[in-house]
Structures are given as structure tokens and as C-alpha cells.
Amino acid sequence: MSQYAVGLCEILVDEFFGECCSEVASILLRHGRMNLPMIMKRTSLPGSKIRQALASLMQHHMVLFVTAIEQLREVTYYEAQWQEMYNLIRKGKDVYSVSQKLNQETASIAKFVSTQGRARVQDVYAAFGKTPDGTDEESRLLQQNITDLIYLKYFVVVQPRHLIPVGDQEMQLRIKFLEQRKSENVSEIKKNREVNDSVALEMAQLQSSDMAENQGLIRKPKDSIPRPAKRKRRNVTTSSMTGDMNEILDDENSILLPDPAAHVRINRAKFSFLARNQRLVHWAERRIGKTTAIVYSHLLAVLESKFAGSPTPATILTITTMELTRNFPKDIDVESCFAKSSNVRKPSAKAALDQLDELEMDEQEEEDEDYEENVDEERNNKSKVLVQHLELLADTSLRFITRVGNRGMGEWKIDFAYLTNMLRAVEFENILDEKLGDRATRLLRIIKDKGKIEEKQLANIALLRQKDLRTVLQSMAEMGALELQEVPRSSDRAPSKTFYLWFHRPERAYSIFLDQLYEVIAKMFHRLRDERAQRSQLIDKAERIDIKGKEEEYLQKFEQAELKRLRSYEEKLLLQASRLDELILIFRDE
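A brief report on the enclosed structure follows. (Residues numbered from 1 in each chain as written. Predicted model: local features only at pLDDT ≥ 70, side-chain atom pairs only at ≥ 80, totals over all residues. Heavy atoms only, no water.)

**Re the pairing of strand 11 (residues 411-415)**
(1) Moving on: Relative to strand 11, strand 9 (residues 316-320) runs antiparallel, the two being bridged by five bridges. Directly across from Thr318, in strand 11, lies its bridge partner Lys413.
(2) Moving on: Two strands pair when backbone bridges link them, and strand 10 (residues 402-405) and strand 11 are joined in this way by three bridges, in the antiparallel orientation. Of the residues in strand 11, the one forming a bridge with Arg403 is Trp412.
(3) Moving on: Counting the residues between successive antiparallel strands, the hairpin from strand 10 to strand 11 contains five residues, one of them, Gly408, with a positive phi of roughly 65 degrees. (Pairing = 2+ DSSP bridges. Helix = DSSP H or I, 4+ residues; strand = E, 2+ residues; numbered from the N terminus.)

This is how it looks when you write it as C-alpha cells:
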């Protein structure tokens, strides 16, 4: 990880947890894995404070631990997780996303769990003044909202192994499998290869078990639940599910309820997946149009309900047009955006009268038709219109979806690995265009298409003079978008006998850009801290219990104006940091 990411994590931990936790986190981030005596040597904090800080950080999974046997005694090592520390900046976004996808009540539950880091379901009930066995309507509603959050994987159930670093989990499995194959008479290379395959398979199974459908839920007989409340039907657009929730969670004799003993925490992968889907919809609207973007957003919502949690980059999900039609809202007009053909001959007056007579004769017959046939015809027409929108999404250069078959009026797939790489490339080109202009974007596309290219050849393809080209290429190299490779034609490596080839390496370019984003956000928080320090007396006065909420009564006018100016400045800085975080979400590998 970069030094800028470390500095940003220190600031965020200090902002949310205070100086003590920030100092401990900084030591672990900068020096790596350490035990308690080693931490105490590098800080002036007493051992009790360090233990409290480690407990707080482990509660939020920002620090993990592993116990090893050294010299016949147990030693516990602590390791910082900088990704979890950075995710502090997204707490508000996660809660807002839950309120948009589900409802405000579930957002309140998500806010409580996010604030606590992880929480036992029993404690969630207690925080809202209820019990798991409550029979009143509010208790049943709270129970239903917790069930929805766990089932839809906005919450993930915490297992003991989640507090152990992944590398140590793999090492423990490797030791276990090596011990099992100790007596096998095979070569060391083959044994290591088989052990590595077994470890990878076991880790994949453990990860899939975390996303199991009923993880964190228990099924109870309906007879054992006093006066069960009837579940409300949910709309597909708000809950992202393609059917009635009652049919999924309930059956004839039993019902799924949250396990009171289970510990839950926010599932960051789920929210990252939802945020990237929103960005894809944004680009679909920019490239095609608003109506097609709405169709694409509903398609992603239906696919989201098919997969528990968030799909991995290798996941490829398919959907048919008829399936999308069944779950598409009826109140959205998707047909008016297409232009109708104007090559229709205007009928003569006599022909118009004949058509009118025919319509009057057929009117009685149409009234006798079955209602279900009309519904089927309406659904068939909507499916044809949706096919047109889906074809637009498939035919665009960004290839938001791909057609793979004709089942159900067309079967479509979404390749999340391709879409993630595409989204990064498009966003990077957009940033390059804003910084250096459209000429730099055009040169980048040519270089990506050719692989490695000499400056003279690049000038000929781009139809630009070499002296105009060099300035742009140098600026692109300074920001990390391009690299230069020397290919000597002679052993003396003379400059006149050397080819200089420009090329683009996406991983390095994105990594450099991420460091720049971390640096900018860290500077924003530093600036915010300085502004607060300059007005510390005013802030302390405004936060007094007897003044808070009564600022107009107790504060003077110039103090009110200064406080208002500070709040406005904070809002602008935090909004800009939030926008930059959206880019980090795209370019960072989760």
C-alpha cells in the first residue's frame, strides 16, 4: 500500500476513534504485524490504553490477530487492515443505499450495526427496545427488517475465522493438508501442487458458505410463534427481488427468522457491487439515453436478486427478455422514446369511412375477448420494446450486455469482469480528457490499439506533427498514463540507434492515479482539521449542552455567521471527498 493511503487511513481513524486508536493503527500500518510488547516499544501509550485501542479496532475488523506458539508459549500478533480503515469514509453512503433499496427502518438498523462494527442480533433488538420474542407489531416489523438485511446479504454473519488474516488461514490449511499427505510416496513438487489446489478449494468453499442463503437465519414452525404478523409485499424496484418475499422466507409450516445469537456486520462487497452498478447505469444513460438506462438498471436489479451477496469478477449471470418483462414495472413508458415509421399512406375519405364501419362491427367482438389474452398481448408488446432497448445496450461500443441465445425472446449475459475493466478504462479516459484534452485521449486509444508504437509512426496515424505530439506524450507520461521502452539496435546503445516505444500499462496507470486520489482526499481532511482548529473555541462553545440547538439565542451574530461559514466549508470538502471516493471504488480492487 502507498504512503498516501496510510496517511489517509490515519486521518480517518483519528476522525472516528480518536488519537489513541489512530496512533496504534499508524504503528501497525507502517511497521506491519506486531505483538503487544513490540507496539508498546514504539509508542508512549500505557498498555491498558493500547489494549482498549486494539479491542475497538478489532470490533470494526480494522485489526486482525493470530496466535502462534513461540518458545513453548502463545504469542498474539496483530495486523492492520487498511481497506477496512478506508471504508470508514463510506459509512454514510452504505446507510443511504439501504434506505433507497429497502426502507428507512432498515437503514436505521444498518446505521446501528455500522456504528458498532459488528453486533449480535440480540443486541440489535435491545438497541431498539424490543426482544426476539416480542408479539407486538413493532417487534414483528423489526424482526422482518433484520431478516431482510441478512437474507439479501446487506449483513454478513461474522465467523471466528474472519478475525484471522487470510494468509494465516491459508497457512493453517496448508499445514493441515501437508500433515494428511505426510505418508504419501509422491514427489515434493506434486505434493505441493496438490496441497495448493486443496487450500484454494477449501478457501473458496469457506467463502461460499458465508454467502449461503440461510446463513444467520433459523427456521421455526409457525405454530411456535404467537400471532405472527402478515408480511407486506415488496416492490421489485425497492427490494431488488424478483418475487414475493413471503414465498422465499416462508413456507406452509415454518418461517425464517434471524438467529439471536448470530453476530452480523456490514457486507462491504455488497455495497461496492451496488455502487458499480449505479456507475454502469450512469454511463448507459450518457451513451444511449435515459429510458434505456432505466431498463438497464432494472435488469441489473433482477440479476442482483439471483446472486447472494455480490458476484465475483469471474461470475457471469444470464437473464431472458420474458423474465425481465415479468418483473418490469407497468408504470414506466419504454415505448415512446422510439420514433415510429412515417411511411404510412394516408387513407382516402371513402376508405376511412369503410375502416370506421369495420371498427364499429368489430367493437362488440373485442369486448367479448378474454382478459387474459389482452394481458398476454400487452406483455408480448412490452417484451418486443424491451428487446429493442437490450439490443441498444448490446450493440454499443461499451457492450453493456451480450446476447447468448434466443430462449425467452432473447437470452442476455453480463460479464462483470469485462464490465469492471471497461468501466475503469472509460473513467480513466474521461479523466485524461479533463486534464489534458481530447488530443491525449485520442493518442491513448491509438497506443492501446497498437500495443507499442514509435513516436513517428504515432504522429502519422494521429495526423499530428511530432513537435506537437511530444508535449502531450510527456504530460501523459508524467501522470502515469504512458511509459517509454528503449529498444537498442546496436550493442553500444547509442541514442541515434535506439527505438523509443510508447505503451500503456493499465495496472500501473490506475495504481498511480489511486495514489493521487488518496493524497488529494488526505489533504482535504488536513485542511478541514486546520479550519476546525482555527475555530476551536467557537466549536466548543456551540457544542455545549446548554447552547446546542439554541445557537440563535445564545451566540452572537458574528459567531453564528462564522459557524455557518464553517459548516458550509465542511459540507463542500466532504462532498468533494465523496465524489473522489466514487472513483476509488471503481479503480481499487476489492
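**A short note on unusual backbone geometry**
Most peptide bonds take the trans form, and the phi angle of most residues other than glycine is negative.
(1) Moving on: The phi dihedral of His61 falls on the positive side, at around 60 degrees, and the residue is not glycine.
(2) Moving on: With respect to the helices, strands and loops of the structure, His61 is situated in the loop between helix 4 (47-59) and strand 2 (63-70).
(3) Moving on: Note on His61: relative accessible area 4%, which makes it buried.
(4) Moving on: Located in the positive-phi region is Gln71, a residue other than glycine, with phi close to 55 degrees.
(5) Moving on: One can find Gln71 in the loop between strand 2 and strand 3 (73-80).
(6) Moving on: Given a relative accessible area of 76%, Gln71 falls into the exposed group. (Buried < 20%, exposed > 50% of the residue type's maximum accessible area, 1.4 Å probe, protein only.)

**Points about the environment of Arg565**
(1) Moving on: Its location among the elements puts Arg565 in helix 26 (residues 557-587).
(2) Moving on: At 2.4 Å, the side chain of Arg565 forms a polar contact with the side chain of Glu562. (Polar contact = N/O pair within 3.5 Å; in protein donor to acceptor, adjacent residues only side chain to side chain.)

**Topic: helix 23 (residues 506-534)**
(1) Moving on: Between the first and last C-alpha of helix 23 there are 42 Å, a value that for 29 residues agrees with the 42 Å anticipated at 1.5 Å per step.
(2) Moving on: Within helix 23 the residues assigned to the buried category are Ala509, Tyr510, Phe513, Leu514, Leu517, Tyr518, Ile521, Ala522, Met524, Phe525, Leu528 and Glu531.
(3) Moving on: As for helix 23, its buried residues are in contact with helix 1 (3-17), helix 5 (82-86), helix 19 (416-436) and helix 26. (Expected span 1.5 Å × (residues − 1). Contact = heavy atoms within 4.5 Å.)

**Comments concerning helix 4**
(1) Moving on: Between its first and last C-alpha, helix 4 extends 18 Å over 13 residues, near the 18 Å set by a 1.5 Å rise per residue.
(2) Moving on: Along helix 4, the positions that sit buried rather than exposed are Gly47, Ile50, Ala53, Leu54, Leu57 and Met58. Looking straight down helix 4, one finds that the buried residues subtend no more than 130 degrees of arc, so they occupy a single side.
(3) Moving on: Where the residues of helix 4 are buried, they touch helix 1, helix 2 (19-31), helix 3 (36-41), strand 2, strand 3 and strand 4 (118-120).
(4) Moving on: Two residues or fewer after helix 4 comes His61, characterised by a positive phi angle close to 60 degrees. (Arc of directions from axis to C-beta.)

**What about the pattern of salt bridges?**
Proximity of charged atoms lets side chains of opposite charge pair with each other.
(1) Moving on: The tally for this structure, following the rule as stated, stands at 31 salt bridges.
(2) Moving on: A salt bridge links Arg279 to Glu427, with the shortest nitrogen-to-oxygen separation between them at 2.6 Å. In this pair, Arg279 sits in helix 14 (residues 268-287) while Glu427 sits in helix 19, placing the two residues 148 residues apart along the sequence.
(3) Moving on: Classification of Arg279 as partly exposed rests on a relative accessible area of 21%.
(4) Moving on: Owing to a relative accessible area of 1%, Glu427 belongs among the buried residues under this scheme.
(5) Moving on: Arg532 is the salt-bridge partner of Glu570, the closest N and O atoms lying 2.8 Å from each other. Within this pair, whereas Glu570 is found in helix 26, its partner Arg532 is found in helix 23, the two being separated by 38 residues in sequence.
(6) Moving on: Relative accessible area serves as the criterion here: at 10%, Glu570 is assigned to the buried category.
(7) Moving on: Overlapping salt bridges bring together Arg527, Glu531, Arg535, Glu562 and Arg565 as one network. (Salt bridge = Lys/Arg side-chain N within 4 Å of Asp/Glu carboxyl O.)

**Looking at the environment of Thr106**
(1) Moving on: Residue position: Thr106 is located in helix 7 (residues 104-116).
(2) Moving on: Here Thr106 falls in the buried class, since its relative accessible area comes to 1%.
(3) Moving on: With 41 residues separating them along the chain, Thr106 and Thr147 place their C-alpha atoms 9.9 Å apart.
(4) Moving on: With residues up to four places along the chain from it excluded, the contact list for Thr106 reads Val98, Asn145 and Leu149.

**Overview of the sheet that holds strand 4**
(1) Moving on: Overall, antiparallel pairing links the three strands, which are arranged 4-8-5 in an open sheet. At either end of the open sheet lies a strand with only one pairing partner, and these are strand 4 and strand 5 (155-157). Neighbouring strand axes in the sheet, compared pairwise and without regard to direction, differ in orientation by 35 degrees on average.
(2) Moving on: Here three bridges tie strand 4 to strand 8 (residues 263-266), and the two strands are oriented antiparallel to one another. Looking at strand 8, one finds that Arg118 is bridged to Arg265. (Axes fitted to C-alpha atoms, helices over the stretch in contact; angles between N-to-C directions.)

**Describing the sheet that holds strand 9**
(1) Moving on: Strands sit in the order 9-11-10 across an open sheet of three strands; the sheet is antiparallel. At either margin of the open sheet sits one strand with a lone partner, and together these are strand 9 and strand 10. Taken pair by pair, the neighbouring strands of this sheet meet at an average axis angle of 35 degrees, ignoring direction.
(2) Moving on: Docked against the sheet, helix 19 engages strand 9 and strand 11, running at close to 55 degrees with respect to strand 11.

**Let's talk about the side chain of Glu429**
(1) Moving on: Positionally, Glu429 belongs in helix 19.
(2) Moving on: Separated by 3.4 Å, the side chains of Glu429 and Lys448 make a polar contact.
(3) Moving on: Setting aside residues up to four positions removed in sequence, Glu429 forms contacts with Thr441, Leu444, Arg445 and Lys448.

**Thoughts on the pairing of strand 14 (residues 498-503)**
(1) Moving on: Alignment of strand 12 (residues 452-454) against strand 14, held across three bridges, turns out to be antiparallel. Paired with Lys452 across the two strands is Phe503, which belongs to strand 14.
(2) Moving on: Judged from the six bridges that link them, strand 13 (residues 483-488) and strand 14 form a sheet pairing that is antiparallel. Looking across to strand 14, one finds that Gln485 is bridged to Leu501.

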